[in-house]
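Here is what each chain is made of, one letter per residue.
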Amino acid sequence: SVGKKVVVTVHLSPALAFDFKPRGGIGPRSMIHMLRQKRLHGIFKQRHIEGFKMADLLFSHNDGTTRSLVGYGIDRDKIVQCRHPVLPITRPKTKSTEIADNLNKKPGDVIYATIGFMHKYKGIEDAVRALKFLPDNYKLAIIGGMQPISDEVNIYNTIATLIDTLGLRDRVYITGYIDDDDRLNALIREVDVCVYAYNNKYYGQVSSGALNLAFANQRAVIGYPTDSFKEMNKEFGEIKLTTAAAYY
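Everything in this summary refers to the structure shown in the same document. (Residues numbered from 1 in each chain as written. Predicted model: local features only at pLDDT ≥ 70, side-chain atom pairs only at ≥ 80, totals over all residues. Heavy atoms only, no water.)

Taken together, three strands build an open sheet; the order of strands is E1-E2-E3 and the sheet is parallel. The two strands at the open ends of the sheet, each matched to only one other strand, are strand E1 (7-10) and strand E3 (79-81). If you compare each strand with its neighbour and ignore which way they point, the axes differ by 25° on average. Bridge count between E1 and strand E2 (residues 57-60): four bridges; the pairing is parallel. When the bridges of E2 are listed, valine 8 appears paired with leucine 58. In this fold helix H3 (residues 63-71) packs onto E1, E2 and E3, with an angle of close to 170° to the strand it touches most, E3. (Pairing = 2+ DSSP bridges. Helix = DSSP H or I, 4+ residues; strand = E, 2+ residues; numbered from the N terminus. Axes fitted to C-alpha atoms, helices over the stretch in contact; angles between N-to-C directions. Contact = heavy atoms within 4.5 Å.)

As structure tokens, then:
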């Protein structure tokens, strides 16, 4: 309205931002649920999609997000698809031994890590379970903690219980929430490999900022074959993809 050009970066696919979940059956509760979903969907479209339609340009980071935007009626000619950018860290400011100290690292040990906020879609449980199939010199660092506004409050307990049940206390270290970028990058540079056992449905339409932290710190990457990871590999092949989304 003030004559300015508007550019929007869409980091989360609209199809995931509002997951329309119909309820089975034709009873009164099902009808009420459906009407409530339609009302919320209308609010979502008014709040977000109408703004997208008015933008002069939209950036999307993967095919899934682009398809979702077009499916909501946004002009394909206004969408520019580009890879999620990476800022290489060429001059580290900080050096860390926190992970090595807590995992009692010895010569020959291999430390792999998950990076980012702890969330059910990030496959942290799978990263823990994989340790049972690896020699004892393999250890895991879970770099990150709970997102302050997350509703996934039980994941800490779930992961800790799993570690305890599998007898892996000496082979797993959880850093907790990290609010300092220099410390975060220093921790990543301590490990040998970063793993991303991501949920395919969710990360088929979302590009991972946490993945780019591994690239920025020049770490090797192993990931599940999500659509967004396979899309990236077509061009550059930076990720060693597993044959299946299974921790074995």
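There is more to say after this.
Next up on the list: the pairing of strand E8 (residues 220-223). Only one face of E8 is covered, namely the one carrying Val221 and Gly223; the face carrying Ala220 and Ile222 has none of its residues buried. Here strand E7 (residues 193-196) runs beside E8; their pairing, made up of four bridges, is parallel. Considered in E8, the bridge of cysteine 194 is made with valine 221. The pairing of E8 with strand E9 (residues 240-241) spans two bridges and is parallel. Its bridge partner being in E9, glycine 223 is matched across the sheet by leucine 241. With helix H10 (residues 227-235) bridging E8 and the parallel E9, this β-α-β connection has right-handed handedness. (Buried < 20%, exposed > 50% of the residue type's maximum accessible area, 1.4 Å probe, protein only. Right-handed = clockwise from strand over helix to strand, strands pointing away.)

For H10, every residue scored as buried is listed here: Ser228, Phe229, Met232 and Asn233. The arc enclosing the buried residues of H10, seen along the axis, measures out at 135°, which places them on a common side. Immediately downstream of H10, the backbone of glycine 237 shows phi near 65°, a positive value. (Arc of directions from axis to C-beta.)

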